[in-house]
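Understanding the architecture of this molecule
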Amino acid sequence: QVQLVESGGGLVQTGGSLSVSCAASGRTFSRLGLGWFRQEPGKEREFVAAISWSGSSTLISPSVKGRFTISRDNTKNTVYLQMNSLKPEDTAVYYCAASTKFPIRPIRGDYDYWGQGTQVTVSS
């Protein structure tokens, strides 16, 4: 079992930056692929970014490529999402997710464990 707790969401103006993090406990963190998804009200949860257990491989959604960066620190059991040049369309609840599958994929069904989500709001 894995417990995931996100933090760092909030309100930011267009063009600003925000970092969200996710602390994990339970199963061996260093063997988990990790991802970030986001969901707007009334819409499907969509893939944002993922990182392999070693950190050597990352996937980024085209919608945020060049603006968002995913990283992890296995010594702190934490994964991060750095968001720059934020746009109003980035407004959503951001969810951290963990996968036991390899390789990492941008597929929601691959992820076995989910956090409770953190709200990110970008004002125009």
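This text goes with the structure placed above it.
Our subject in this report is the structure included herewith. Model, not experiment: these values are computed from the prediction. (Residues numbered from 1 in each chain as written. Predicted model: local features only at pLDDT ≥ 70, side-chain atom pairs only at ≥ 80, totals over all residues. Heavy atoms only, no water.)

Next up on the list: unusual backbone geometry. Cis geometry marks the peptide bond from Phe102 to Pro103; its omega dihedral reads -5 degrees. Locating Pro103 in the fold gives a position in the loop between β9 (92-99) and β10 (113-114). Although it is not a glycine, Asn77 adopts a positive phi angle of roughly 50 degrees. With respect to the secondary-structure elements, Asn77 resides in the loop between β7 (68-73) and β8 (78-83). Given a relative accessible area of 29%, Asn77 falls into the partly exposed group. Phi is positive for Ser85, close to 50 degrees, though the residue is something other than glycine. (Helix = DSSP H or I, 4+ residues; strand = E, 2+ residues; numbered from the N terminus. Buried < 20%, exposed > 50% of the residue type's maximum accessible area, 1.4 Å probe, protein only.)

What follows is about the sheet that holds strand β1 (residues 2-7). Taken together, 4 strands build an open sheet; the order of strands is β1-β3-β8-β7 and the sheet is antiparallel. Since the sheet does not close on itself, it has two edges, and those belong to β1 and β7, each with one partner. On average, each strand axis in the sheet is tilted by 15 degrees relative to the strand beside it, whichever way the strands run. Two elements, β1 and strand β3 (residues 18-26), share 6 bridges in a ladder whose sense is antiparallel. Opposite Ser7, over in β3, you have Ser21 as the bridge partner. (Pairing = 2+ DSSP bridges. Axes fitted to C-alpha atoms, helices over the stretch in contact; angles between N-to-C directions.)

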